[in-house]
Amino acid sequence: MSQEAVPEQAAVPVQPKGLLQQMEELMAALNADLSQLDADLSAPRPAPAEGADSV
């Protein structure tokens with residue numbers, strides 16, 4: 001493999017995230033998703049059209 005095919009590394013190495021930081025980010029994303037789901041489910045629903053069977 002030639003040297004040109006290998007991408008250059010960043011000048012400052014990036015430290016891998018710790019497990020706690022990863023878990024905090026995942027929990028924050030999950031919390032945001034659940035908040036959006038709650039807002040979607042709490043929103044008023046349009047009345048069903050006449051003739052539609054409701055279960």
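Here, the structure is the one placed above.
Residues numbered from 1 in each chain as written. Predicted model: local features only at pLDDT ≥ 70, side-chain atom pairs only at ≥ 80, totals over all residues. Heavy atoms only, no water.

1. Digging into the overall build of the protein
In step 1: Looking only at helices and strands, the protein features 1 helix and 0 strands.
In step 2: Accessible area for the protein stands at about 5,700 Å²; split by element, carbon and sulfur atoms hold 59% of it. (Helix = DSSP H or I, 4+ residues; strand = E, 2+ residues; numbered from the N terminus. Areas by Shrake-Rupley, 256 points an atom, 1.4 Å probe, with all protein chains shown as cover.)

2. What to know about the pattern of salt bridges
In step 1: Counted by the stated rule, this structure contains 1 salt bridge.
In step 2: E25 is the partner of K17 in a salt bridge, and the nearest nitrogen-oxygen pair spans 2.9 Å.
In step 3: E25 gets classed as partly exposed once you look at its relative accessible area, which sits at 36%. (Salt bridge = Lys/Arg side-chain N within 4 Å of Asp/Glu carboxyl O. Buried < 20%, exposed > 50% of the residue type's maximum accessible area, 1.4 Å probe, protein only.)

3. Focus on a nonpolar patch on the surface
In step 1: On the surface, a nonpolar cluster with roughly 490 Å² of combined accessible area is contributed by M27, L30, L34, L37 and L41.
In step 2: Looking at where L34 falls in the secondary structure, it is placed in helix 1 (residues 19-42). (Patch = residues over 30% accessible without salt bridge, like charges linked within 9 Å, V, L, I, M, F, W, Y side chains within 5 Å.)

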